[in-house]
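Architecture and fold: a report
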Amino acid sequence: MKLTTKEITSFAMLGAVMYASKIIMEFAPNIHLLGVFTIAFTVVYRKKALYPIYIYVLLNGMFSGFSAWWVPYLYVWTVLWGAVMLLPRKMPAIIRPVVYMSVCAAHGFLFGTLYAPVQAVMFGLSFEGMLAWIAAGLPWDFLHGVSNFFCGILIVPLISILQMAQRYAQKSV
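Summarised in this report is the structure supplied together with it.

What counts and how
Residues numbered from 1 in each chain as written. Predicted model: local features only at pLDDT ≥ 70, side-chain atom pairs only at ≥ 80, totals over all residues. Heavy atoms only, no water. Axes fitted to C-alpha atoms, helices over the stretch in contact; angles between N-to-C directions. Helix = DSSP H or I, 4+ residues; strand = E, 2+ residues; numbered from the N terminus. Parallel < 35°, antiparallel > 145°, perpendicular 65-115°, else oblique. Left-handed = near helix turned anticlockwise from the far one by under 90°. Contact = heavy atoms within 4.5 Å. Nonpolar A, V, L, I, M, F, W, Y, C, P; charged D, E, K, R; others polar. Core = buried A, V, L, I, M, F, W, Y, C linked by side-chain atoms within 4.5 Å. Buried < 20%, exposed > 50% of the residue type's maximum accessible area, 1.4 Å probe, protein only. Salt bridge = Lys/Arg side-chain N within 4 Å of Asp/Glu carboxyl O.

Attention shifts here to the packing of helix H2 (residues 34-45) against helix H8 (residues 155-171). As a packed pair, H2 and H8 sit with axes 9 Å apart at the nearest point and diverge in direction by 40°. Accordingly, the angle class assigned to the pair H2 and H8 is oblique. Handedness of the crossing formed by H2 with H8: right-handed. Two secondary-structure elements touch here, H2 through Val-36, Phe-37, Ile-39, Ala-40, Phe-41, Val-43, Val-44 and Tyr-45 and H8 through Ile-155, Leu-158, Ile-159, Leu-162, Gln-163 and Gln-166. For the contact of H2 with H8, the residue count by class is twelve nonpolar, two polar and no charged.

Here it is as structure tokens:
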């Protein structure tokens, strides 16, 4: 996966936009555009989408601290990336928005469950303790999933913008 200078610059900016969007949305817990960006980047850039995603993860750690809360970030966004990579590339246009919105919502609903195993290991929780931790977070996961679904309406327009920018960048070479 050799990167061009334009890609390095673009991915750095996209990762920074992800981080900025998270900071801007911090007033609303579990409501953010991170799933939207992850899905759109994955559809457009495929494997290379991991660059802006992990720039976001790194920025998050740098500015908020590389602490226990941060460790699951090393894989929770990769799970969403992987789910999108498994989707067919040539979906009918009519179902694309609903599929992307549903995948985004599923990631939100499952976020606490995905997060829990590492937290359980790091804090010495038993399996039952981990399940209790997941259960305690279900209201937040519900809010996360519902908000991801509705924020997901922005995925297809963002994909179109990114593809248009990519075509423009290729013409200017």
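Having seen it, we continue.
Attention now moves to the nonpolar core. One finds Ile-39, Tyr-73 and Trp-77 to be the most contacted residues of the largest nonpolar core, which totals 37 residues. By residue number, the principal contributor to this core is H2, which donates nine residues. When sequence neighbours within four positions are dropped, the list of residues in contact with Ile-39 reads Leu-80, Val-84, Tyr-100, Val-103, Cys-104 and Ile-155.

Between side chains of opposite charge, a pair can form when the charged atoms approach closely. Taken as a whole and judged by the stated rule, the model has two salt bridges. We note a salt bridge from Lys-22 to Glu-26, for which the minimum N-O separation is 2.8 Å. Classification of Glu-26 by relative accessible area gives partly exposed; the value is 46%.

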